[in-house]
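Structure at a glance
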Amino acid sequence: MTEPAAVDLLDIDPDFGSDPYRAYAVLRARGPVHEIRAGEKDRFWLVVGHDACREALTDPRLSRDWPRNGHLATGLEAPPATDGPGNAHMLLSDPPDHTRLRRLVARAFTPRRVAALVPHIQDVTDALVTAMLAAEDRRADLVEALAYPLRMTVICELLGIPDLDRDAFRGWSDEITAPTGAEAARAAQAVPYLGGLIAAKRAAPADDLLSDLIHTVDEGGDRMSEDELLSTALLLLLAGHESTVNFLCKGVRALFAHPDQFALLRSDLDGLVEGAVEEMLRYDAPVETAPPRVAVEPVEIGGRHVPAGAVVLIVLGDAGRDPARFTAPGRFDIRRTGTGDRGHLAFGHGVHYCLGAPLARLEGRIVFRTLLSRCPTLGPDGRSGGRFSGLFAQGERKVPVRW
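Scope of this entry: the structure provided in the associated data block.

Parameters and conventions
As a convention, each chain's residues are numbered from 1 in the sequence order in which they are written. pLDDT decides what is reported in this predicted model: residues at 70 or higher carry local features, side-chain atom pairs at 80 or more are listed and counted, and totals for whole chains, interfaces and linings draw on all residues regardless. Values reported for side chains reflect all heavy atoms of the structure, with hydrogen atoms and water molecules removed beforehand. DSSP calls a pair of strands paired once it identifies at least 2 bridges connecting them. Every helix listed is a DSSP run of H or I at least four residues long, and every strand listed is a run of E at least two residues long, numbered separately from the N terminus. Buried, partly exposed and exposed residues are distinguished by accessible area as a fraction of the type maximum, computed with a 1.4 Å probe on protein chains only: under 20%, between the cut-offs, and over 50%, respectively. Note on contacts: a residue pair is in contact if any heavy atoms of the two residues lie within 4.5 Å. Orientation is described by lines fitted to C-alpha atoms, with helices fitted over the stretch in contact, and by angles between N-to-C directions that extend from 0 to 180 degrees. Roughly parallel means an angle under 35 degrees; roughly antiparallel means over 145; roughly perpendicular covers 65 to 115; every other angle is labelled oblique. Gly is put with the polar residues, along with every residue not named as nonpolar or charged; the nonpolar set is Ala, Val, Leu, Ile, Met, Phe, Trp, Tyr, Cys and Pro, and the charged set is Asp, Glu, Lys and Arg. Each nonpolar core is a collection of buried residues, namely Ala, Val, Leu, Ile, Met, Phe, Trp, Tyr and Cys, held together in the definition by side-chain atoms within 4.5 Å.

Re the pairing of strand β2 (residues 42-47)
Relative to β2, strand β1 (residues 33-38) runs antiparallel, the two being bridged by 6 bridges. Along β2, the bridge assignment pairs His34 with Leu46. Between the antiparallel neighbours β1 and β2 lie 3 residues, among them Gly39 with a positive phi of about 80 degrees. Note that β2 and strand β8 (residues 311-314) share 3 bridges and pair parallel. Across the sheet, Leu46 pairs through a bridge with Leu313, a residue of β8.

Observations regarding the environment of Leu104
Along the polypeptide, Leu104 turns up in helix α6 (residues 97-108). Taking relative accessible area as the criterion, Leu104 reaches 2% and is therefore assigned buried. When the C-alpha positions of Leu104 and Thr216 are compared, they lie 6.8 Å apart, and in sequence the two are 112 residues distant. Filtering out sequence-adjacent residues up to four positions away, Leu104 remains in contact with Leu213, Thr216, Asp218, Asp222, Arg223 and Met224.

Regarding the packing of helix α15 (residues 259-267) against helix α16 (residues 269-283)
As a packed pair, α15 and α16 sit with axes 6 Å apart at the nearest point and diverge in direction by 130 degrees. The angle between α15 and α16 falls in the class oblique. Residue-level inspection shows Leu264, Leu265, Arg266 and Ser267 of α15 in contact with α16, the latter providing Leu269, Leu272, Val273 and Ala276. When grouped by side-chain class, the residues that make up the contact of α15 with α16 number 6 nonpolar, 1 polar and 1 charged.

Details of the nonpolar core
In this structure, Leu265, Leu359 and Val399 are the most contacted members of the largest nonpolar core, which totals 87 residues. Element by element, the count of residues in this core is highest for helix α14 (residues 226-257), at 16 residues. Counting 19 residues, the second-largest nonpolar core is a separate cluster that includes Ala295, Ile301, Leu316 and Ala319.

What to know about the pairing of β8
In the sheet, strand β5 (residues 293-295) pairs with β8 via 2 bridges, with the strands oriented antiparallel. In the strand pairing of β8, Arg293 is matched with Val312.

A few points about unusual backbone geometry
In most cases, non-glycine residues show a negative phi, while peptide bonds are predominantly trans. The omega torsion of the bond from Pro95 to Pro96 falls at 5 degrees, within 30 degrees of zero and hence cis. By the secondary structure assignment, Pro96 is in the loop between α5 (71-74) and α6. Located in the positive-phi region is Arg138, a residue other than glycine, with phi close to 55 degrees. Judged by relative accessible area, which is 42%, Arg138 ranks as partly exposed. Non-glycine residue Ala328 carries a positive phi angle of around 45 degrees. Locating Ala328 in the fold gives a position in the loop between α17 (316-319) and α18 (357-374).

So this is what it looks like as structure tokens:
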């Protein structure tokens, strides 16, 4: 049987850059796996639909270990040199290395540590909302006024970054996640800064996650190396920051687009906020596609042959819109209660399931409860900015609001 030709997402929907879900639905109707053409030469594979995504997320032949296996996608004969910090964390590894690193991180990133952050997250949220409400024109951008500074403050508090260094840390994070070139040299200072901080906390541990990571030893006496500590700290700073900002802002946009659900949530914040958070995650996943994988050998997914060396993107966002899994998936409904409507893949699945999911959910509950109780007239202030994640994301990321 002849394999279907590669498709261009913009041929399916020219507006894919601003709303990808229509194109994903078209692809899903054709099948769960598709070769995508991007430009003249670039090719990658998309997995859509809940069941196919769930299967792909647990297939060991789809590797997250780009330092070892990325050369298969580029056609090189052997992996390039990957020594040094940045590549030695669990998101860029497969079992058994991933198993070992995740076990060490999980021993430090405990439910007790997450629960202990509740008063701090509430205090920071209160302070940011108070500052936002002080605007004389009663307008703000929620990204800059609340979502971004909250997440950065929580991450810095979690890692134990001193208050005086947090402005610099934010600048480094900005440049690393959305490079402009202007601050590239300064962003490189993040690595030696973290190296110095690790040395200081090794000598004088504090009550923070970074100190715990440094001093955590498992039953066999294993602990993280210097490169692994640096890489893990950068991972916690960048990956957790980006996904949670996306989650909070996409959640607000979903409420604005569905005024009946917005009014319902405001009428019973305590009773409905947890369900609302889960529906936000399902309806518009914080990270549209899981981090890319490379096929280390030929693999069949959903009846489609994917060759060795293929770059595979698993579309978590479309998994949440699959009518084979969710009732009326295009409807935003904060009171979804059916058994079949649970189990979204917004935080992934399998060994790479997001370790920070409990913290993200906690932040979401605190933010939406606080924001909507203190801003009963909150509403959109004109057209929102660009997409917050995904392929071909366009535009400046803003959520302008008024009250």
